[in-house]
Amino acid sequence: MNFRRLRAIGRKEILHIIRDPRSLTSAIATPLIMLTIFGYALSLDVDRIPMIVYDQDQTPQSRELIEHFRGSRYFAIVENAQGYRPIEEAMDSRKALLAIVIPPDYSRGLQSGRIADVQLLFDGSDSNTAAIAKGYADGVVQQYAGQVRLEAQTARAGKVPSAGVSIDTRVWYNPDMLSRNFIVPGLIAVIMMIITGNLSSLTIAREWENGTMEQLLSTPVRPVELALGKLSAYFLVGLLDTLICLFMGAFVFDVPFKGSLLLLMISSFVFLFGALSTGILISASTRTQLVAYQLGVMTSFLPGFLLSGFIYAISSMPVIIQTVSLFVSARYYINIIKGVFLKGTGLELLWSDLLLLCGYGALMFFFAARKLRQKVA
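Reference entry: report on the structure contained in this document. In this text, all values refer to a predicted model and were calculated from it rather than measured experimentally.

Reading the values: rules and limits
Residues numbered from 1 in each chain as written. Predicted model: local features only at pLDDT ≥ 70, side-chain atom pairs only at ≥ 80, totals over all residues. Heavy atoms only, no water. Axes fitted to C-alpha atoms, helices over the stretch in contact; angles between N-to-C directions. Helix = DSSP H or I, 4+ residues; strand = E, 2+ residues; numbered from the N terminus. Parallel < 35°, antiparallel > 145°, perpendicular 65-115°, else oblique. Left-handed = near helix turned anticlockwise from the far one by under 90°. Contact = heavy atoms within 4.5 Å. Nonpolar A, V, L, I, M, F, W, Y, C, P; charged D, E, K, R; others polar. Buried < 20%, exposed > 50% of the residue type's maximum accessible area, 1.4 Å probe, protein only. Phe/Tyr/Trp six-rings, centres within 6.5 Å; stacked < 30°, edge-to-face > 60°. Core = buried A, V, L, I, M, F, W, Y, C linked by side-chain atoms within 4.5 Å. Pairing = 2+ DSSP bridges. Expected span 1.5 Å × (residues − 1). Arc of directions from axis to C-beta.

Let's talk about the packing of helix H7 (residues 180–201) against helix H14 (residues 329–343)
Working step 1: Close contact between H7 and H14 brings their axes to 9 Å; oriented N to C, the two are set at 140 degrees. For the element pair H7 / H14, the angle class is oblique. Judged by the sense of rotation from one axis to the other, the crossing of H7 with H14 is right-handed. From H7, Asn181, Phe182, Pro185, Gly186, Ile188, Ala189, Val190 and Met193 reach across to H14, where they touch Ser329, Ala330, Tyr333, Ile334, Ile337, Lys338, Phe341 and Leu342.
Working step 2: Each residue belonging to the contact of H7 with H14 can be placed in one class, and the counts come to twelve nonpolar, three polar and one charged.

Here's what the structure looks like:
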């Protein structure tokens, strides 16, 4: 390998990037805009769920249960209905996502010691929100039921009975249960995969369209030097984007950073190398920028969002999809960046993910250099 030729290719690509201010501005502004939009708009936190109350009992006991829902920050009572028809209309118009129906014999069931039934109706068209709302509602009802049971036992025994089991719940790594804290780190990995993949996927295809690729292939420049030279220029752009995203994650979105900055940067370098190598492989395999861009989107955007564990748990996917996800580099980088940001995990636990990132980058670069050995047909 001749470092003089390598430096010349890298300098050529840097000059090309500088002379195209629109592409450079887009490369820097795109991750900034995407992280801002997705960081604020994409949230799995569910609170102030609009709900309707249909109280057929109209007793102090039923009103007490309603007050437990009213006092919870997860629910907002928007209407008191007098039948099932208003509930159906409210759910059809998205005015309410939940309804609680208290039967007329609710208080008698409580006072007699029998099981008092309460009906909860959910709008299942939004299954994710409905599932979360069901968990919250079950928690409110169970808490109220426990309070009622305790009061009944106290009234019968004349004293407060000792509790058999006391549950002390603590949430580690994300005590406030903010979805932003685990979405933003994963979002950084997905954005970097998309940006770097699309940037490098156009570089060689552009040479073919401009007719300069034949000139490069006729020079003493070797395929490895050509690939590394082009990769080095876009590596600088990708590194700048990475620093912007990490800065925004830590200081704009206030995601706690508990781990090693050195480990995070080394992992970012390896991830960028693999993503850029994948883009160069795609670019070397096509002759037009349009096809290269389309392939770049298919190999970066879709796997990054769907198969990396960013939003959807890989363990819940079919076995064949889990196998395919093994070849998505963002999966391993997300494990590292979440571990470093939220848990303060070190290399002793993340070495396997880092090793797989290294193997992926080396494999992609090998195929890219091999593809560049092909001369003009």
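Some details on the side chain of Ser277
Working step 1: Turning to its location among the elements, Ser277 is positioned in helix H11 (residues 261–285).
Working step 2: The buried category is assigned to Ser277, whose relative accessible area is 0%.
Working step 3: Setting aside residues no more than four positions away along its own chain, Ser277 makes contact with Leu231, Gly361, Met364, Phe365 and Ala368.

Focus on the packing of aromatic side chains
Each aromatic ring pair is described using two quantities: the centre-to-centre distance and the angle formed by the ring planes.
Working step 1: In the structure shown here, the tally under the stated rule is ten aromatic pairs.
Working step 2: A centroid spacing of 5.3 Å and a plane angle of 65 degrees characterise the contact between Phe69 and Phe75, whose relative ring orientation is edge-to-face.
Working step 3: Judged by relative accessible area, which is 1%, Phe69 ranks as buried.
Working step 4: With a relative accessible area of 1%, Phe75 lands in the buried category.
Working step 5: Here Phe273 and Phe365 contribute two aromatic rings whose centre-to-centre distance is 5.6 Å and whose plane-to-plane angle is 35 degrees, an arrangement assigned as tilted. Taken together, the residues span a long stretch of sequence, with Phe273 in helix H11 and Phe365 in helix H15 (residues 347–372) at a distance of 92 residues.

Some details on the nonpolar core
Working step 1: Counting residues in each nonpolar core, the largest one holds 68 residues, and the members touching the most others are Leu35 and Ile188.
Working step 2: For this core, the leading source of residues is H7, giving twelve residues.
Working step 3: Excluding residues that lie within four positions of it along the chain, Ile188 makes contacts with Leu35, Cys245, Leu246 and Ile337.
Working step 4: Among the nonpolar cores identified, the runner-up in size contains 19 residues, and Ile49, Leu98, Ile102 and Ala133 belong to it.

Notes on the sheet that holds strand E1 (residues 49–55)
Strand pairing in a sheet relies on backbone hydrogen bonds. The paired strands run either parallel or antiparallel.
Working step 1: With mixed pairing, the four strands of this open sheet are ordered in space as E2-E1-E3-E4. Across the chains shown, the open sheet's two edge strands, defined by having one partner strand only, are strand E2 (75–80) and strand E4 (119–122). Strand-to-strand, the axes of this sheet are offset by a mean angle of 30 degrees, without reference to chain direction.
Working step 2: Of the strand pairs in this sheet, E1 and strand E3 (residues 98–102) are connected by five bridges, and their pairing is parallel. Considered in E3, the bridge of Tyr54 is made with Val101.

Remarks on the pairing of E2
Working step 1: Relative to E2, E1 runs parallel, the two being bridged by five bridges. Note that in E2 the partner of Met51 across the bridge is Ile77.

Things to note about H14
Working step 1: In this model, H14 (15 residues) spans 21 Å end to end at C-alpha, consistent with the 21 Å of a helix rising 1.5 Å per residue.
Working step 2: Counting buried positions along H14 yields 13 of 15 residues, so the element is predominantly enclosed.
Working step 3: Downstream of H14 by one or two residues, Gly344 has phi in the positive range, about 70 degrees.

A look at helix H4 (residues 84–92)
Working step 1: Those residues of H4 not exposed but buried are Ile87, Ala90 and Met91. Buried residues in H4, looked at end-on, bunch into an arc of 95 degrees, giving them a common side. Opposite the buried face of H4, at more than 90 degrees from it, the exposed residues are Arg85 and Asp92.
Working step 2: Where the residues of H4 are buried, they touch E1, E3 and E4.
Working step 3: Trailing H4 by a residue or two, Arg94 shows a phi angle of about 65 degrees, which is positive.

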